[in-house]
Amino acid sequence: MFATLRPPIAQPAIPIDLVEAIHSLKRDLNAVILAHYYQDSDIQDVADYLGDSLGLSQQAANTKADVIVFAGVHFMAETAKILNPTKLVLLPDVNAGCSLADGCPPDEFARFKSLHPEHFVISYINCTAEIKAMSDLICTSSNAVRLVEQISPHQPILFAPDQHLGRYVMNETGRNMVLWPGSCMVHENFSEKKIAQLQMSHPDAGVIAHPECEIGVLRHAHYVGSTTALLKYAQESDWNTLIVVTEPGIIHQMQKQSPQKHFIPAPPMGNCACNECPHMRLNTLEKLYLCMKNKSPEVTLPESIRREALRPIQRMLAMS
Ligand code: 13P
Ligand code: SF4
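Criteria and cut-off values
Residue indices follow the written sequence of each chain, beginning from 1 at its first position. Throughout, the order in which chains and ligands are written sets their labels, letters from A for the former and numbers from 1 for the latter. Note on the predicted model: pLDDT of at least 70 is required for a residue's local features to be given, and 80 or more for side-chain atom pairs to be given and counted; whole-chain, interface and lining totals, by contrast, use all residues. Just so you know, side-chain values use all the structure's heavy atoms and leave hydrogens and water out. For two strands to be treated as a pair, DSSP must find at least two bridges joining them. Put simply, DSSP H or I for four residues or longer makes a helix, DSSP E for two residues or longer makes a strand, and each gets a number counted from the N terminus. Comment: axis = line fitted to C-alpha atoms, over the contacting stretch for helices; angle = value between 0 and 180 degrees taken between N-to-C directions. When a carboxyl oxygen of Asp or Glu is within 4 Å of a side-chain nitrogen of Lys or Arg, the pair counts as a salt bridge. Each residue is assigned to one of three classes by its accessible area relative to the maximum for its type, calculated with a 1.4 Å probe on protein chains only: buried under 20%, partly exposed between the two thresholds, exposed over 50%. Neighbouring residues are identified by heavy atoms, a residue being near a molecule or strand if any of them is within 4 Å of it. Pairs of N or O atoms within 3.5 Å make up the polar contacts considered here, provided that, within protein, one atom can donate a hydrogen while the other can accept it, and that residues adjacent in sequence are counted only when both atoms are side-chain atoms. Accessible surface area values rest on a Shrake-Rupley calculation with a 1.4 Å probe, where residue burial reflects the displayed protein chains alone. Buriedness of a pocket was judged along seven lines, with at least five required to meet protein on both sides within 12 Å; pockets are open sets of points on a 1 Å grid over the protein atoms alone, cavities are sets where a 1.4 Å probe fits but cannot get out, and lining residues have an atom within 4 Å of a point. The way we define it, a molecule is inside a pocket or cavity when more than half of its atoms are within 2 Å of that pocket's grid points. Gly is put with the polar residues, along with every residue not named as nonpolar or charged; the nonpolar set is Ala, Val, Leu, Ile, Met, Phe, Trp, Tyr, Cys and Pro, and the charged set is Asp, Glu, Lys and Arg. Two rings from Phe, Tyr or Trp (for Trp, the six-membered ring) form a pair when their centres are within 6.5 Å of each other. A pair whose planes differ by under 30 degrees is stacked, one over 60 is edge-to-face, and the rest are tilted. Grid points are joined across faces, edges and corners, and a volume is the space filled by probe spheres set on the points. For this classification, under 35 degrees means roughly parallel, over 145 means roughly antiparallel, 65 to 115 means roughly perpendicular, and everything else is oblique. If you view the pair so one helix is near and one far, a crossing is left-handed when the near helix is turned anticlockwise from the far one by less than a right angle, and right-handed when it is turned clockwise. We call two residues in contact whenever any of their non-hydrogen atoms come within 4.5 Å of each other.

Colleague: Would you mind showing me how to read the sheet that holds strand 2 (residues 49-51) here?
Modeller: In a beta sheet, neighbouring strands pair by backbone hydrogen bonds and run either parallel or antiparallel. An order of 2-1-3-4 is seen for the four strands of this open sheet, with the pairing classed as parallel. Each edge of the sheet is formed by a strand with only one pairing partner; in this case those strands are strand 2 and strand 4 (88-90). Pairs of neighbouring strands in the sheet enclose a mean axial angle of 20°, with direction left out of account. As judged from the three bridges shared by strand 3 (residues 67-71) and strand 4, these two strands associate in the parallel manner. In the strand pairing of strand 4, V69 is matched with L90.

Here it is, written out as structure tokens:
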């Protein structure tokens, strides 16, 4: 017996000038391309807006486009959909996840939350819509400290899912918080020892780091901030050489803004390329083109969860 072979699903031919084809589709669809700094540089270069998680959600909240093409990871595109239920939201690779979102399953988080019934739940935006729906307030790495400072000191706080960002916020605010034990697989992988060695071989270099890093790594940093904040500091500070302790995709913008400066990507623990986010890097220019051509993969979610998840996001946008 032979199985009947189905003809392969026809994929549109890939045009030679992908960039021009993407711009043309963008006009046809009335689309906006939002991209995170951890995307490949060719994707960054075709984006209408590049930003950190806060900036990207503010853009998504205010866009007049009919279609949002999100060159980032799933929770980012999902946030755009929560804010824009009637728009088509496309993600070039539907498998672009996040270890923080994946490491906080809704059923386990519901149990964890029930152990702390008096706590105000602040969730980092790097989580699923289900977790957002169980939260009182969403934060990003650029506003977490400022938002926690706005909560009454008598109010106990549960912070999820990034324990390292949570610990950084605790250090900055002097607040105690209950932490969900999640982490970013990329930022957790930077080696404090190798950063210290790099500092010794580059005594004139400054160190900038993202608060998703472990506290031991952050102790070496002259400046800690979200991707947008790191970019601004890299441009405005007097350092001519900077060791960059975050996903190295951001160095493309740093180098564009300050071509005379020297940026050194911080090394990971092993000899792997694991300081690059394997989720962010699933997106390619070709997949960006195909998702616009096919209007797929589309990000959708149940309306009941969307409505519940919208509340803490709107609260964050109002407080930011
Ligand atoms: P920000 O761009 O908000 O700093 O977040 C970094 C990150 O890891 C996104 O997944
Ligand atoms: Fe998630 Fe970390 Fe990748 Fe950001 S860099 S998407 S936090 S795994």
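Colleague: Which parts of the structure should I look at to understand the pattern of salt bridges?
Modeller: Considering all chains together, one arrives at ten salt bridges under this definition. In this structure, the salt-bridge partner of K256 is D45, at a minimum N-O distance of 2.9 Å. Of this pair, K256 sits in helix 13 (residues 251-257) while D45 sits in helix 2 (residues 41-46), and the two are 211 residues apart along the sequence. A residue is classified by how much of its surface remains accessible, and D45, at 42% relative accessible area, is partly exposed. Among the ionic pairs, K287 bridges to D93, the shortest N-O distance being 2.6 Å. Of this pair, K287 sits in helix 14 (residues 285-294) while D93 sits in the loop between strand 4 and helix 5 (99-102), and the two are 194 residues apart along the sequence. Judged by its relative accessible area of 11%, D93 falls in the buried class.

Colleague: Would you explain the site of ligand 1 in this entry?
Modeller: Close to ligand 1 lie 14 residues; H36, S53, S141, H210 and T227 are nearest. With respect to ligand 1, the side chain of N126 contributes an N or O atom lying 3.3 Å from an oxygen atom. Note that an oxygen atom of ligand 1 is positioned 2.9 Å from one of the side-chain N or O atoms of S141. Compared with its free state, where it exposes 300 Å², ligand 1 has 96% of that area covered by protein. Structurally, ligand 1 is housed in the largest cavity. Partitioning the shell around ligand 1 into residue classes produces five nonpolar, seven polar and two charged.

Colleague: What is the right way to read the packing of aromatic side chains from this model?
Modeller: The description of an aromatic ring pair rests on the distance of the ring centres and on the angle between the ring planes. The tally for this structure, following the rule as stated, stands at three aromatic pairs. Both rings, one in F109 and one in W180, keep their centres 5.8 Å apart while their planes meet at 70°; by these two values the pair is edge-to-face. With F109 in helix 6 (residues 106-114) and W180 in the loop between strand 8 (177-179) and helix 10 (192-201), this residue pair connects regions lying 71 residues apart in the sequence. The residues F109 and W180 share a single accessibility class, namely buried. With a centroid separation of 5.2 Å and an interplanar angle of 85°, the aromatic rings of F112 and W180 are classed as edge-to-face.

Colleague: How should empty space enclosed by the protein be read in this particular structure?
Modeller: In this approach a probe as big as a water molecule rolls over the atoms, and the regions it shows empty are the leftover space. Counted according to the given criterion, the structure contains two cavities of 30 Å³ or more. In this model, the largest cavity occupies a volume close to 240 Å³. What lines the largest cavity is a set of 26 residues, and nearest its centre among them are Y38, F75, N126, E212 and M280. The residue makeup of the lining of the largest cavity, split by class, is eleven nonpolar, twelve polar and three charged. Space inside the second largest cavity adds up to approximately 40 Å³. Looking at the second largest cavity, the residues that line it are S53, L56, S57, F70, F75, M76, T79 and I125. Looking at the lining of the second largest cavity, the elements with two or more residues in it are helix 3 (53-62) and helix 4 (74-83). Broken down by class, the residue content of the lining of the second largest cavity amounts to five nonpolar, three polar and no charged.

Colleague: What am I meant to see in the layout of surface pockets here?
Modeller: In this structure, the largest pocket occupies an estimated 180 Å³ of space. If you go around the largest pocket, you meet 13 residues; those closest to its centre are S141, S142, N143, V145 and Y168. If you list the elements that add at least two residues to the lining of the largest pocket, you get helix 8 (144-149) and helix 9 (163-173). When residues of the lining of the largest pocket are assigned to their parent elements, the largest contribution, three residues, is made by helix 8. Class assignment for the residues of the lining of the largest pocket results in six nonpolar, five polar and two charged.

Colleague: Please clarify how the packing of helix 1 (residues 18-29) against helix 14 should be interpreted in this entry.
Modeller: In helix packing, the relevant descriptors are the interaxial angle and the interaxial distance, both defined with respect to the helix axes. For the pair helix 1 and helix 14, the least separation of the axes is 10 Å and the interaxial angle reads 30°. As summarised for this structure, helix 1 and helix 14 are arranged roughly parallel, according to the angle between their axes. As for how helix 1 packs across helix 14, the hand of that crossing is left-handed. Counting all contacts with helix 1, which are made through L18, V19, A21, I22, L25, K26 and L29, the residues of helix 14 involved are L285, E286, L288, Y289, M292 and K293. Looking at the contact of helix 1 with helix 14, its residues break down into ten nonpolar, no polar and three charged.

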